[in-house]
Amino acid sequence: MKSFFIGKYEIKLPIIQGGMGVGVSLNKLASAVANEGGVGVISAAGLGLLYPQFKGNYLEKCIYGLSEELRKAREKTYGVIGVNIMVALSNFSDMVRTAIAEKADVIFAGAGLPLNLPSFLTKDSKTMLVPIVSSARAAKLICEKWLTNYNYLPDALVVEGPKAGGHLGFKKEQIEDENYSLEHLIPEVVEIAKSYAEQKNIPVIAAGGISTGKDIARFLKLGASAAQMGSIFVPTEECDASTEFKEVYIHSDKKDVRIIQSPVGMPGRAFDGEFIRDIAEGKKKPKSCPFHCIKTCDYTKSPYCIIKALYNAAIGNLKEGYAFAGQNAYLANKISSVKEVIAKLKADFSLSL
């Protein structure tokens, strides 16, 4: 596996650990992946729930939580640490400003088009900016808007296909359509990136359903510079989620992975369970919304509060929540260390060559 650059940062291992919220990828997992030479990523989603002891409202606790997670990660690693910030977050701007002020190495921004992301950079900023897209059209639009308005191009592009876990940037009918597969998307986005080669080298990172070293090799041959992987790092000792959450991955089968409709207005992929079945039967209904965490969520029409459901699952209360997961997440059969997971990926990669 060859190293590559995200802006000024050389990434020795071309693996980016996907950001997983709420409370699944925090400082422990991110620092462990960074120590292996990849990019460790802290999820900014729902951090206010994880720091209840801090004074202030939920949004103020989110700012404090992100600062704390970055500080803790820095105590554990000298490697590259990123932050995943969803554009759909109501406090997107605050989270971006905090990540830049705390000198996060990279911001990964998806779940919407981060058209104004470069506007938050400061003169002394050291943070690289990486949009997450689900089409060549979105990649082109972001590049053009950034170049025109800020004279800035992305430091990399993550292309997330329909086999990813969590919220998906596709319509339900597109998820199984081969025309929207990651294998189709990567070459298209690579061509977009190449069109700016005289101005900037923009590496393309493949994401969504990648679970083996063989998968990584396949997408590198299609022109990607690296792979983003999330689900494979959940059943690890260093993952920040509870043991009960990790065991859902270990004890699930292929039939348990399903597409759901999220309250934020997007389809998502998750493991089936009691909570999801209760939703289908109309047994859940939020009484109020104390967080207002997602711009597109209307709690008066939502069957449940997604941020509470994801938080409950992460701390082990699966009766009141569920686990997001990629299409191949069911392949996990034990809890390993991050070092062991990456060693296996390297071995599989070498064999595939």
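The structure presented is a predicted model; accordingly, all values stated were derived computationally and were not measured.

A. Spotlight on the overall build of the chain. Looking only at helices and strands, the chain has 11 helices and 13 strands in total. Relative to the 2.2 N^0.38 estimate, which gives 20 Å for 353 residues, the radius of gyration of the chain is 19 Å and therefore close to what a compact globule would have. Taken along the three principal axes of its C-alpha coordinates, the chain extends 55 × 45 × 40 Å. When each of the 353 residues of the chain is scored for burial, the buried share is 57%. In the chain, once contacts between residues fewer than 6 apart in sequence are set aside, the share between residues at least 24 apart is 65%. In the structure as shown, the chain presents an accessible area of about 15,400 Å², 50% of it carried by carbon and sulfur atoms. For the chain, the distance from the average position of its 43 positive side-chain charges to the average position of its 37 negative side-chain charges is 2 Å.

B. Quick peek at helix H8 (residues 243–250). Along H8, the positions that sit buried rather than exposed are Phe245, Lys246, Val248, Tyr249 and Ile250. Contacts made by the buried residues of H8 are with strand S13 (267–271) and helix H10 (306–314).

C. Main features of the pairing of strand S7 (residues 128–133). The buried fraction of S7 amounts to six of the six residues, a majority that puts the element mostly inside the structure. Because side chains alternate across S7, one face comprises the buried residues Met128, Val130 and Ile132, and the other comprises Leu129, Pro131 and Val133, equally buried. Where strand S6 (residues 106–110) meets S7, four bridges bridge the pair, whose relative direction is parallel. Looking across to S7, one finds that phenylalanine 108 is bridged to valine 130. As defined by bridge partners, S7 adjoins strand S8 (residues 157–160) across two bridges and the pair is classed as parallel. Bridge pairing links isoleucine 132 to valine 158 in S8. In terms of handedness, the path from S7 via helix H5 (residues 136–150) over to S8 forms a crossover that is right-handed.

D. Representation of the sheet that holds strand S12 (residues 257–261) within the structure. Pairing within the open sheet is antiparallel, and its three strands lie in the order S9-S13-S12. What marks the edges here is a single partner per strand, and that holds for strand S9 (166–167) and S12. Across five bridges, S12 lies against S13 in antiparallel orientation. Paired with arginine 258 across the bridge in S13 is alanine 270.

E. How the structure looks around the packing of helix H3 (residues 58–76) against helix H4 (residues 92–101). The N-to-C vectors of H3 and H4 enclose an angle of 30°; their axes lie 10 Å apart at closest approach. By the angle between their directions, the pair H3 and H4 is classed as roughly parallel. For the element pair H3 and H4, the recorded crossing hand is right-handed. Residues Cys62, Ile63, Leu66, Ser67 and Leu70 of H3 form the contact with H4, whose participating residues are Asp94, Met95, Thr98 and Ala99.

F. Representation of the environment of leucine 13 within the structure. As for its position among the elements, leucine 13 is in the loop between strand S2 (9–11) and strand S3 (15–17). For the pair formed by leucine 13 and methionine 1, sequence separation is 12 residues and the distance between their alpha carbons is 6.7 Å. Those residues in contact with leucine 13 that lie beyond four places of it in its chain are Met1, Glu36, Gly37, Gly38, Ile342 and Lys346.

G. Main features of the side chain of glutamine 17. With respect to the secondary-structure elements, glutamine 17 resides in strand S3. Looking at glutamine 17, its side chain comes within polar contact range of the side chain of serine 25, at 3.5 Å. From its side chain, glutamine 17 meets the backbone nitrogen of valine 41 in a polar contact 2.7 Å long. Once you skip the residues sitting within four places of it in the chain, glutamine 17 turns out to touch Ser25, Leu29, Ala30, Val33, Val39, Gly40, Val41, Gln228, Met229 and Phe233.

H. Spotlight on the nonpolar core. Judged by nonpolar contacts, the single largest core of 105 residues is most densely connected at Ile85, Phe92, Ile107, Ile186, Phe233, Tyr249 and Tyr322. The leading source of residues in this core is helix H6 (residues 182–194), at seven residues. Discounting chain neighbours no more than four positions away, the residues touching tyrosine 249 are Ser231, Val234, Pro235, Phe271, Ala323, Phe324, Ala325, Ala329, Tyr330 and Ala332. If you look at the next biggest cluster of nonpolar residues, it comprises 18 residues, including Phe4, Tyr9, Val80 and Phe108.

I. Just the environment of lysine 72, in detail. Structurally, lysine 72 can be placed in helix H3. The class for lysine 72 is partly exposed, based on a relative accessible area of 25%. Distance in space between the C-alpha atoms of lysine 72 and leucine 26 is 9.3 Å, their sequence separation being 46 residues. Residues within four places of lysine 72 in sequence aside, it is in contact with Asn27 and Tyr51.

J. Layout of unusual backbone geometry. Between glycine 21 and the following residue, valine 22, the backbone shows a cis peptide bond with an omega angle of 5°. Counting through the fold element by element, valine 22 comes out in the loop between S3 and helix H1 (27–35). The backbone phi angle of lysine 103 is positive, close to 60°, even though this residue is not glycine. In this structure, lysine 103 sits in the loop between H4 and S6. Overall, lysine 103 belongs to the partly exposed group, its relative accessible area being 39%.

Calculation rules
Residues numbered from 1 in each chain as written. Predicted model: local features only at pLDDT ≥ 70, side-chain atom pairs only at ≥ 80, totals over all residues. Heavy atoms only, no water. Helix = DSSP H or I, 4+ residues; strand = E, 2+ residues; numbered from the N terminus. Rg over C-alpha atoms; globule rule 2.2 N^0.38 Å. Buried < 20%, exposed > 50% of the residue type's maximum accessible area, 1.4 Å probe, protein only. Contact = heavy atoms within 4.5 Å. Areas by Shrake-Rupley, 256 points an atom, 1.4 Å probe, with all protein chains shown as cover. Lys, Arg positive; Asp, Glu negative; His and termini not counted. Charge placed at Lys NZ, Arg CZ, Asp CG, Glu CD. Pairing = 2+ DSSP bridges. Right-handed = clockwise from strand over helix to strand, strands pointing away. Axes fitted to C-alpha atoms, helices over the stretch in contact; angles between N-to-C directions. Parallel < 35°, antiparallel > 145°, perpendicular 65-115°, else oblique. Left-handed = near helix turned anticlockwise from the far one by under 90°. Polar contact = N/O pair within 3.5 Å; in protein donor to acceptor, adjacent residues only side chain to side chain. Core = buried A, V, L, I, M, F, W, Y, C linked by side-chain atoms within 4.5 Å.

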